[in-house]
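# An overview of the molecular structure
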2 protein chains.
Amino acid sequence: MGETLNIALVGLGTVGAGVIRLVEENAELIARRAGKPIRIAGITARDRAKDRGVDLSPYEWVDDMGEFATREDIDVVVELIGGADGPALTLAKECLSGGKAFVTANKAMVAHHGLDLAQRAEQAGLAFKYEAAVAGGIPVIKGLREGAAANRLSRVYGILNGTCNFILSAMEKTGQDFAEVLAEAQARGFAEADPSFDIDGVDAAHKLSILAALAFGTELDFDGIERSGIRKILSADIAQAAALGYRIRLIGMAELDGSNGDARLFQRVHPYLVPMHHPLAHVEGSTNAVVAEGNFSGRLLFQGAGAGDGPTASAVVADLIDIARGEIGPAFSMPVRELDKVARAETGHRIGKCYLRFEVADRPGVLAEITAAMRDAGVSIESLIQKGRSPDGSVLVAMVTHEGPESAVAATLSALKGSPSLHADPLVVHILGD
Amino acid sequence: MGETLNIALVGLGTVGAGVIRLVEENAELIARRAGKPIRIAGITARDRAKDRGVDLSPYEWVDDMGEFATREDIDVVVELIGGADGPALTLAKECLSGGKAFVTANKAMVAHHGLDLAQRAEQAGLAFKYEAAVAGGIPVIKGLREGAAANRLSRVYGILNGTCNFILSAMEKTGQDFAEVLAEAQARGFAEADPSFDIDGVDAAHKLSILAALAFGTELDFDGIERSGIRKILSADIAQAAALGYRIRLIGMAELDGSNGDARLFQRVHPYLVPMHHPLAHVEGSTNAVVAEGNFSGRLLFQGAGAGDGPTASAVVADLIDIARGEIGPAFSMPVRELDKVARAETGHRIGKCYLRFEVADRPGVLAEITAAMRDAGVSIESLIQKGRSPDGSVLVAMVTHEGPESAVAATLSALKGSPSLHADPLVVHILGD
């Protein structure tokens, strides 16, 4: 690496264009902080003709992104095309074997292939960095990899998907139901035409798997994440939660249970009831926030914009500045061979409270049937049974349980399965514990 | 540096003991993350005999801390004795000229001598690190130095003193006045016997000056901080603020006004009214939080425990892990010679709202006198005049102004100065703007 950090940009969507704007606008400041200027030595994307709102004429366009992997005048390739496999992954491998440092915002690829890529980077003595893959502009990868590095972390969790948080916040404010708010968000460009990656929790799960590996020093285990999204949340649930002193947030939660020898990894993306005294209850709109709990640091919170061209570009260029400074240690905080391979936790043993909501027929005996099933499974009701009416005229019965094992709640639901009294699958929302 | 990072600990108060516990308890994890073990190769403190709750017998005690500056078996000296000048500063200089990296939690020393020390470290090619000096366990130095490094930052501000926030939160909850809560906090060990460093804002100012230099790439200017503390806040002020939708927090606020050529640095430690929708309004107890606003990242928030042995030790050891990893760039994010020397901002031009509270005599005409002074100075009242009674029986008149220049508020107070209608100096609390 010489007096300039020469980068190639692959992918010129909103984030790619943001990186160009950032490198241009803050050029002088970046050079002072990085110790050398960052120069965009080459660019490429699918469609050369598309107007991206930035002037591409100063930059050398190549048609074949693979060229960057071997060109002598490139130090770092920045990948912003996305997709877990396919061209992004091929490019990553080519770059790391071609002697190029690699920076990516591609959470799906890191979640699925991060260890393989990290190992290739280690062997080649190259940087592999992905700050922009998790929580946009928030430097939480750095926060865990370095800031909290002295700690044994017991939990890492947070609001990892801006679209879901935007929708839940809007439901909270307007009282509208999920479908209405989603349609509006799509019309205004805050949600994708196919929103399933966001609202079914896949995007949050990608990010959670990365945070967990970093926090706990364990191997990535995306497939081990228990996942559900926010489609089933009704405005009535949000109102009930508010009456009980909670807000509903889609939380990615990872926990390392047990001690060294037989540690187990728990990972879940699920709506949670968050008590109002918890900082995550006050995270509104498309903001993201991550909490990490260390055995010496206590609870750390990192919060900011979780997406968007500016914040994501900020994270990409932070990685580039690190590389320019020569700060290029292991991508997952320790060499891949030292990461622990741990078994998945059994969720049934987990102790907690939860919110249960049933859509039931409006006739006598239904409540008795539900509460009997709860009694038989050993689930005790904390305090509250509220009734409301669902959009289709069913009666809504909502309650909060006392602390107890999740297996008991599962047993209740399984006993009630197929009952003609229930008009829909019950909703289970866990309550975030301290 | 060899296969082990050998450190010397100078100062064995609660933080020093915390570092020993942390290095012992998390030894295996630290070695995996740092790439090598951290070994405590020497310790010293004023009193060898004192019981610190940790077993010191495994460690070599020296009587003269200066020894560490030249001993061949030491890589890093960790200074935890405190004080801006005196032994800590002497030690720092000796270590950096003796070839030892230097890690400190000493905010006063960094605020006053940070540039000198950073320059010595640069010349010697050594690390000079101080994560623990600001906001305890929160990795905010790293967050600004590296995480937000791609951004031009316009503002950095936050809750930087846990004692003040603890007192203000307690006043909020109990309705007690400042003196009562302080006495309780002292009795319970949450406030020093001589609390003036905390409650008069000196401690927060030390931290603010460091954050500002890092965020803006400007020279440290501790003396340029306009500072007041929380002694004058009455429980009535907190109640009025709450009625208006605000909480009162002691905020350290730094802003770089204007563009490159004629930039000016604004730094203030002062109580602020924080609107309830702002995350800082929800920071309770002794928690700290720092907000940084970047031109690409948007608003970033870092929150956590601002003091205590565990969190502070976590920050100290994070610095040590960085050093073990070879990540030892410029202490203020860029070489000291590249930091801008900027003039201080004139606060009179600043535009904002504020809360004004007068303790006045209970007789006709007083309100007319105050409002006339405001009218004459061009200060307009937004909406609200509340009355209450102060502890000594005076009447309290509180109001919130419309947005306007601070000079107009100053002119009002100066016109009223010496008026027999006022029983005490009026209280001015700025309102945190978006």
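What you are looking at is a predicted structure, and each value in this text was computed from that prediction instead of being measured.

The subject of this paragraph is the overall build of chain A. From N to C terminus, chain A includes 13 helices and 18 strands. Radius of gyration (C-alpha) of chain A: 24 Å, near the 22 Å computed for a compact globule of 434 residues. By residue count, 60% of the 434 residues in chain A fall in the buried class. Expressed as a percentage of contacts within chain A between residues at least 6 apart in sequence, the contacts between residues at least 24 apart total 74%. Entry remark: accessible area of chain A is about 16,000 Å², with carbon and sulfur atoms responsible for 49%.

All names here are of chain A. In contact at an axis separation of 9 Å, helix α4 (residues 107-124) and helix α9 (residues 202-216) are set at 50° when each is read in the N-to-C sense. Our classification of the angle between α4 and α9 gives oblique. The interaxial crossing formed by α4 with α9 has left-handed handedness. Counted together, Lys-107, Ala-108, Val-110, Ala-111 and His-112 of α4 and Asp-203, His-206, Lys-207, Ser-209 and Ile-210 of α9 form the full contact between these two elements. Split by residue class, the contact of α4 with α9 holds four nonpolar, three polar and three charged.

Moving on, we come to α9 of chain A. Residues and elements named next belong to chain A. The end-to-end C-alpha distance of α9, which contains 15 residues, comes to 21 Å, matching closely the 21 Å that a straight helix rising 1.5 Å per residue would cover. Counting buried positions along α9 gives 15 out of 15 residues, so the element sits mostly inside the fold. Gly-217 occupies a position one or two residues after α9 and carries a positive phi of about 70°.

A word on the sheet that holds strand β5 (residues 128-129) of chain B. Pairing between the strands of a sheet comes from backbone hydrogen bonds, and it takes one of two forms, parallel or antiparallel. Residue and element names in this part refer to chain B. Ordered in space as β2-β1-β3-β4-β5, the five strands form an open sheet in which the pairing is parallel. The sheet is open, and its two edges are formed by β2 (38-44) and β5, each paired on a single side. In this structure, strand β4 (residues 101-104) lies alongside β5, joined through two bridges in parallel fashion. Looking across to β5, one finds that Phe-102 is bridged to Phe-128.

On to the domain arrangement of chain A. Residue and element names in this part refer to chain A. Partitioning chain A into structural domains gives domain 1 (5-133), domain 2 (140-305) and domain 3 (348-431). Each of domain 2 and domain 3 has a C-alpha centre, and these two points are 24 Å apart. Of the residues lining the interface, 17 residues belong to domain 2; the matching set on domain 3 comes to 18 residues. The contact between domain 2 and domain 3 buries some 1,600 Å² in all, and 61% of this surface belongs to carbon and sulfur atoms. Among the residues domain 2 hides against domain 3, the three largest losses belong to Gln-240, Leu-244 and Leu-273. Together they make up 32% of the total.

Below, the discussion takes up the packing of helix α2 (residues 27-34) of chain B against helix α11 (residues 309-324) of chain B. All names here are of chain B. Here α2 crosses α11 at 40°, and the two axes come no closer than 9 Å. Compared by their axis directions, α2 and α11 come out oblique. On α11, the residues that touch Ile-30, Arg-33 and Ala-34 of α2 are Val-317, Ile-321 and Ala-324. Here the contact of α2 with α11 is built from residues that sort into five nonpolar, no polar and one charged.

Let us look at the relation of the copies chain A and chain B. Of the two same-sequence chains, chain A is brought onto chain B (RMSD 0.0 Å, axial shift 0.0 Å) by a rotation of 180°. Given the turn and translation reported, the copies of this chain are related as if by a two-fold rotation axis. Both copies present the same face, since 100% of the interface residues in chain A are matched by interface residues at the equivalent positions in chain B.

What follows deals with unusual backbone geometry. The phi angle at Ala-135 of chain A is positive, at roughly 60°, despite the residue not being glycine. By the secondary structure assignment, Ala-135 of chain A is in the loop between β5 (128-129) and α5 (140-147). A positive phi angle, near 75°, is found at Ser-333 of chain B, a position not held by glycine. Within the fold, Ser-333 of chain B resides in the loop between α11 and β12 (343-344). Looking at Ser-333 of chain B, the relative accessible area reads 0%, which means it is buried.

Counting 178 residues, the largest nonpolar core has Tyr-130 and Phe-332 of chain A together with Tyr-130 and Phe-332 of chain B as its most contacted members. Sequence-distant contacts of Tyr-130 of chain A, defined by excluding residues within four places in its chain, comprise Thr-104, Val-110, Ile-141, Ile-210, Leu-214, Asp-319, Ala-331 and Phe-332 of chain A.

In this section: the sheet that holds strand β4 (residues 101-104) of chain A. All names here are of chain A. An order of β2-β1-β3-β4-β5 is seen for the five strands of this open sheet, with the pairing classed as parallel. A strand with exactly one partner marks an edge of an open sheet, and here the two such strands are β2 (38-44) and β5. Lying over the sheet, helix α3 (residues 87-97) contacts β1 (5-10), β3 (76-79) and β4, oriented at roughly 155° with respect to β4.

Moving on, we get to the interface of chain A and chain B. With 56 residues of chain A in contact, the opposing surface of chain B contributes 56 residues. Counting the surface lost from both chain A and chain B, the interface buries some 4,500 Å², and carbon and sulfur atoms represent 49% of this. Considering only the side of chain A, the residues that lose the most area to chain B are Arg-32, Arg-33 and Phe-296 of chain A, jointly responsible for 19% of the buried surface there. There are four salt bridges connecting chain A and chain B. Between Asp-340 of chain A and Arg-32 of chain B there is a salt bridge, with the nearest N and O atoms lying 3.3 Å from each other. Where chain A meets chain B, there are 26 residue pairs in polar contact (both at pLDDT 80 or more). Counting residues per element, the ones that place at least two in the side of chain A that touches chain B are α1 (14-25), α2 (27-34), α5, α9, β11 (298-305) and α11 (309-324) of chain A. Bridging between β11 of chain A and strand β11 (residues 298-305) of chain B involves three bridges; their strand directions are antiparallel.

All right, on to the environment of Arg-33 of chain B then. Within the fold, Arg-33 of chain B resides in helix α2. Along the chain, Arg-33 of chain B and Ala-324 of chain B lie 291 residues apart, while their C-alpha atoms are 9.3 Å from each other.

We now examine the UniProt feature "binding site: NADP(+)" (unreviewed entry) in chain A. Residues and elements named next belong to chain A. In the numbering used here, UniProt assigns the feature "binding site: NADP(+)" (unreviewed entry) to Val-10, Gly-11, Leu-12, Gly-13, Thr-14, Val-15, Gly-16 and Ala-17. Secondary-structure assignment places Thr-14 in helix α1. For Thr-14, a relative accessible area of 60% puts it in the exposed group. Considering the arrangement of structural elements, one finds Gly-16 in helix α1. If we skip the residues at most four places from it in the chain, Gly-16 touches Leu-9, Gly-11 and Leu-80.

Residue and element names in this part refer to chain A. Taking burial as the measure, the six residues of β1 include six buried ones, the bulk of the element. Burial along β1 is two-sided: the face carrying Leu-5, Ile-7 and Leu-9 and the face carrying Asn-6, Ala-8 and Val-10 are both buried. Judged from the four bridges that link them, β1 and β3 form a sheet pairing that is parallel. Paired with Val-10 across the strands is Glu-79, a residue of β3.

For the rest of this paragraph, the subject is the pairing of strand β6 (residues 153-159) of chain A. Residues and elements named next belong to chain A. Among the seven residues in β6, six count as buried, and that is most of the element. Pairing geometry for β6 and strand β10 (residues 287-294), over six bridges, is antiparallel. Paired with Arg-155 across the strands is Glu-293, a residue of β10. Bridging between β6 and strand β8 (residues 246-257) involves four bridges; their strand directions are antiparallel.

The next subject is the side chain of Glu-255 of chain B. Residues and elements named next belong to chain B. Among the structural elements, Glu-255 can be located in strand β8 (residues 246-257). Side-chain polar atoms of Glu-255 contact the side chain of Arg-350, separated by 2.9 Å. Every residue in contact with Glu-255, bar those within four places of it in the chain, is listed here: Ser-154, Arg-155, Phe-216, Arg-264, Leu-265, Phe-266 and Arg-350.

Our focus in this paragraph is the pattern of salt bridges. Where side chains of opposite charge bring their charged atoms close, a pairing between them can arise. All names here are of chain B. Inspection of every chain in the model, using the stated rule, returns 64 salt bridges over all chains. Its salt-bridge partner being Glu-28, residue Arg-32 comes within 3.8 Å of it at the nearest N-O pair. With Arg-32 and Glu-28 both in helix α2 and four residues apart, this pair spans about one turn of that helix. Judged by relative accessible area, which is 43%, Glu-28 ranks as partly exposed.

Before going further, it helps to spend a moment on the packing of aromatic side chains. Two descriptors summarise a pair of aromatic rings, namely the distance from one centre to the other and the angle between the planes of the rings. Taken as a whole and judged by the stated rule, the model has five aromatic pairs over all chains. The interplanar angle of 45° and the centroid separation of 5.8 Å between the aromatic rings of Phe-128 of chain A and Tyr-130 of chain A together place this pair among those described as tilted. Of the two residues, Phe-128 of chain A and Tyr-130 of chain A, both sit in the buried class. Taking the centre distance of 6.3 Å and the plane angle of 80° together, the rings of Phe-302 of chain A and Phe-302 of chain B count as edge-to-face. One end of the pair, Phe-302 of chain A, is in strand β11; the other, Phe-302 of chain B, is in strand β11, on a second chain. Grouping residues by exposure puts Phe-302 of chain A and Phe-302 of chain B together as buried. Among the aromatic residues, those joined into a cluster by ring pairs are Phe-128, Tyr-130 and Phe-332 of chain A. Positioned above the aromatic ring of Phe-266 of chain A is the side chain of Arg-350 of chain A, whose terminal nitrogen or guanidinium carbon lies 3.4 Å from the ring centre.

About the criteria used
Residues numbered from 1 in each chain as written. Chains lettered and ligands numbered in written order. Predicted model: local features only at pLDDT ≥ 70, side-chain atom pairs only at ≥ 80, totals over all residues. Heavy atoms only, no water. Helix = DSSP H or I, 4+ residues; strand = E, 2+ residues; numbered from the N terminus. Rg over C-alpha atoms; globule rule 2.2 N^0.38 Å. Buried < 20%, exposed > 50% of the residue type's maximum accessible area, 1.4 Å probe, protein only. Contact = heavy atoms within 4.5 Å. Areas by Shrake-Rupley, 256 points an atom, 1.4 Å probe, with all protein chains shown as cover. Axes fitted to C-alpha atoms, helices over the stretch in contact; angles between N-to-C directions. Parallel < 35°, antiparallel > 145°, perpendicular 65-115°, else oblique. Left-handed = near helix turned anticlockwise from the far one by under 90°. Nonpolar A, V, L, I, M, F, W, Y, C, P; charged D, E, K, R; others polar. Expected span 1.5 Å × (residues − 1). Pairing = 2+ DSSP bridges. Domains from an automatic or database assignment. Buried area = accessible area lost by both parts, 1.4 Å probe. Least-squares fit on C-alpha atoms with pLDDT ≥ 70 in both. Core = buried A, V, L, I, M, F, W, Y, C linked by side-chain atoms within 4.5 Å. Salt bridge = Lys/Arg side-chain N within 4 Å of Asp/Glu carboxyl O. Polar contact = N/O pair within 3.5 Å; in protein donor to acceptor, adjacent residues only side chain to side chain. UniProt positions renumbered as here; feature names shortened; annotations may be inferred. Phe/Tyr/Trp six-rings, centres within 6.5 Å; stacked < 30°, edge-to-face > 60°. Lys NZ or Arg CZ within 6 Å of the ring centre and 35° of its normal.

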